[in-house]
Amino acid sequence: MKIELIENKVFFNTGSLKKEIHPFWLRERINGDEYLDKKTQQRLFDPTTLNNNISIKKANISNNLLEIDFNDGVNSKLDIEKLLQDFSSEDVVINSIEKIKWNSTFKNIKKFEYKETLFESKEMYDLLVTFYNYGFVIIKNVPTEDNFIVKFANSVGSVRRTNFGEYFDVKSKPDPNDLAYTSLALAPHTDNPYRNPVPCIQLLHCIENEVKGGFSTLVDGFTVTEDLKKENPDFYKILTEVKVKFKFIDNEVILESWSSLIELDNEKNFKQVRFSPRLDFVPILDKKNLDLYYKARKRISEMYNSEKYRIEFKLSPKDLLMMDNYRLLHGRTSYETKDGKRFLKGCYIDYDSTEGKIRHLKRKFNF
Ligand SMILES: [Fe+2]
């Protein structure tokens, strides 16, 4: 890709395609000290107040700089490399990380070791790339004192506080308001589908795990939905289209969100799964459509619960599991409370945390 000039018009040329660049697009990007704050890279002017009839009076390319005199009297030298980077209409940093599908045959779970300098290190960058590859990552030896999970979350980005608080304790307790707080097995599910937006990432920090059983389970919703698309396109389609109501009720709040079990992005690619079959309410549809919907939901539930897709592992004290709540389903096997204690702490962060951190580390280490 390169930039060319023809009679004071600026073109980009990909080799097979040549198109004129709108003068206003270039005018918005002027970078003199009076127009752009160098530190924040924020504009010092409001482009919506400019006259739309911006044109180029004179343009010249030298030393990788495009120098332009605009018709409103402004002159600027634009870095051609930077302009070329701006041609992408998607987030190249995050979208260039490969999403690797996995199922029960996935064995080599990459683990990272906590150290005080982790958050600003190259290892943190690797950790986040691994997280985006597989939808989860395990960090060993994370201190457990003073709710360290919150500090961990705030060192990657910011805790996503909910009505459950900054963090929550997962241990069996009397009179629980959620099955998470019993010793029963928990089938694969995603967390909080009734929130808008759903928390993106869940951190679970193992404080104690002395029980037999109590294994953590994970399923890759990306793998399952891609398999379902091949196996039964009609099932896949209706699960992407029908919005069901997810609801949570307690004394202080009623949370409700209408969403599909499989959500796609604008390009019809995988975006998010939601699955919590104790909280979903299917709308009234034609009997024929409901017939298809219930079959489809049953099938995806069978797949999520199948051993073919599930991995199981036991978290040890100080292990911190970071998982993508939009991509993975999580659960646990049952355990006996008489064996000893099982105690995990959990909290949420959002994608802006991981995305912001990964871009920052990429800039810092010049990757
Ligand atoms: Fe959960």
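Here, every reference points to the structure presented above.
For clarity, every value in this text was computed on a predicted model and none was experimentally measured.

Participant: With reference to specific residues and values, describe the packing of helix α4 (residues 122-134) against helix α9 (residues 351-365).
Facilitator: With their axes 9 Å apart at the nearest point, α4 and α9 run at an angle of 135 degrees to one another. Classified by the angle between their axes, α4 and α9 sit oblique to one another. Crossing of α4 over α9 shows left-handed handedness. Along its contact with α4, which presents K122, M124, Y125, L128, V129, F131 and Y132, the element α9 presents Y351, T354, E355, K357, I358, L361, K362 and F365. Of the residues belonging to the contact of α4 with α9, the class tally is ten nonpolar, one polar and four charged.

Participant: Report on the packing of aromatic side chains, specifying residues and quantitative values.
Facilitator: Across all of its chains, the model carries 21 aromatic pairs by this definition. With 5.2 Å between their ring centres and 80 degrees between their planes, F131 and Y132 make a pair best called edge-to-face. There is no split in this pair, since F131 and Y132 are both buried. Relative to F248, the ring of F164 has its centre 5.5 Å away and its plane inclined at 75 degrees; by these criteria the two rings are edge-to-face. Here F164 is found in the loop between α5 (148-156) and β11 (168-170), whereas its partner F248 is found in strand β15 (residues 244-249), with 84 residues between them in sequence.

Participant: How would you sum up the sheet that holds strand β7 (residues 65-70)? Please name residues and give values.
Facilitator: Strand order in the open sheet made by the three strands is β6-β7-β8, with antiparallel pairing throughout. Edge positions in the sheet fall to β6 (56-62) and β8 (75-79), since each has one partner strand and no second. Mean inter-strand twist for the sheet, computed between neighbouring axes without regard to direction, equals 20 degrees. The pairing of β6 with β7 spans six bridges and is classified as antiparallel. The partner of I56 across the bridge, within β7, is F70.

Reading the values: the criteria
Residues numbered from 1 in each chain as written. Predicted model: local features only at pLDDT ≥ 70, side-chain atom pairs only at ≥ 80, totals over all residues. Heavy atoms only, no water. Axes fitted to C-alpha atoms, helices over the stretch in contact; angles between N-to-C directions. Helix = DSSP H or I, 4+ residues; strand = E, 2+ residues; numbered from the N terminus. Parallel < 35°, antiparallel > 145°, perpendicular 65-115°, else oblique. Left-handed = near helix turned anticlockwise from the far one by under 90°. Contact = heavy atoms within 4.5 Å. Nonpolar A, V, L, I, M, F, W, Y, C, P; charged D, E, K, R; others polar. Phe/Tyr/Trp six-rings, centres within 6.5 Å; stacked < 30°, edge-to-face > 60°. Buried < 20%, exposed > 50% of the residue type's maximum accessible area, 1.4 Å probe, protein only. Pairing = 2+ DSSP bridges.

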